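Read off the chains here:
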Amino acid sequence: MKFELKDEYIELYKLLKVLDLVDSGAQAKMIVADGYVTRNGEVELRKRAKIRAGDVLNVGDDVTIEVV
């Protein structure tokens, strides 16, 4: 899926919420803390990581997000 960034960046846990991949911010933070999210091929453990245009995220084995 693609996500069109409106600002300079979006925090990782907020992106997961906006895309309805989780039910709550707490669940988004847990998924990140447990190592289920990769950013540009590297595991991203920072819940508030600044996601910018050009980043590619994978959530588990199912979801790929391209930030444009």
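Scoring rules and cut-offs
By convention here, each chain's residues receive numbers from 1 onward along its written sequence. Given that this is a predicted model, residues contribute local features only at a pLDDT of at least 70 and side-chain atom pairs are listed and counted only at 80 or more, while totals for whole chains, interfaces and linings are drawn from all residues. Note: side-chain values were computed over all heavy atoms of the structure, leaving out hydrogens and water. The helix count covers DSSP runs of H or I at least four residues long, the strand count covers runs of E at least two residues long, and both are numbered beginning at the N terminus. For the exposure calls, accessible area comes from a 1.4 Å probe over protein chains only, and a residue counts as buried if that area is under 20% of its type's maximum, exposed if over 50%, partly exposed in between. Whether two residues are in contact is decided by their heavy atoms, any of which lying within 4.5 Å being enough. Per-residue accessibility takes into account occlusion by the displayed protein chains alone, with areas from the Shrake-Rupley method and a 1.4 Å probe. Two strands make a pair as long as DSSP finds a minimum of two bridges between them.

J.: Sorry, what's going on with the overall build of the protein here?
T.: Looking only at helices and strands, the protein features 2 helices and 7 strands. Seen in sequence order, the protein has helices and strands lined up from the N terminus as β-β-α-α-β-β-β-β-β. If one aligns the C-alpha atoms of the protein with their principal axes, the spans along those axes are about 25 × 25 × 20 Å. Each of the 68 residues in the protein was classed as buried or not, and the buried ones make up 37%. In the protein, once contacts between residues fewer than 6 apart in sequence are set aside, the share between residues at least 24 apart is 40%. Carbon and sulfur atoms provide 46% of the accessible area of the protein, an area that totals close to 4,400 Å².

J.: Quick question: what am I supposed to make of the environment of Glu 44 here?
T.: Positionally, Glu 44 belongs in the loop between strand 4 (42–43) and strand 5 (50–51). Counting along the chain gives 16 residues from Glu 44 to Ala 28, while the straight-line C-alpha distance between them is 13 Å. Residues contacting Glu 44, with those up to four places away along its chain left out, are Leu 12, Val 32, Val 37, Thr 38, Arg 39 and Ala 49.

J.: Please clarify how the pairing of strand 6 (residues 56–59) should be interpreted in this entry.
T.: For a regular strand, side chains alternate in direction, first toward one face of the sheet and then toward the other. Burial along strand 6 is one-sided: Leu 57 and Val 59 are buried, while Val 56 and Asn 58, pointing the other way, are not. Across 3 bridges, strand 3 (residues 37–39) lies against strand 6 in antiparallel orientation. The residue bridging Thr 38 from the neighbouring strand is Asn 58, located in strand 6. With 4 bridges joining them, strand 6 and strand 7 (residues 63–67) adopt antiparallel strand pairing. The partner of Leu 57 across the bridge, within strand 7, is Ile 65.

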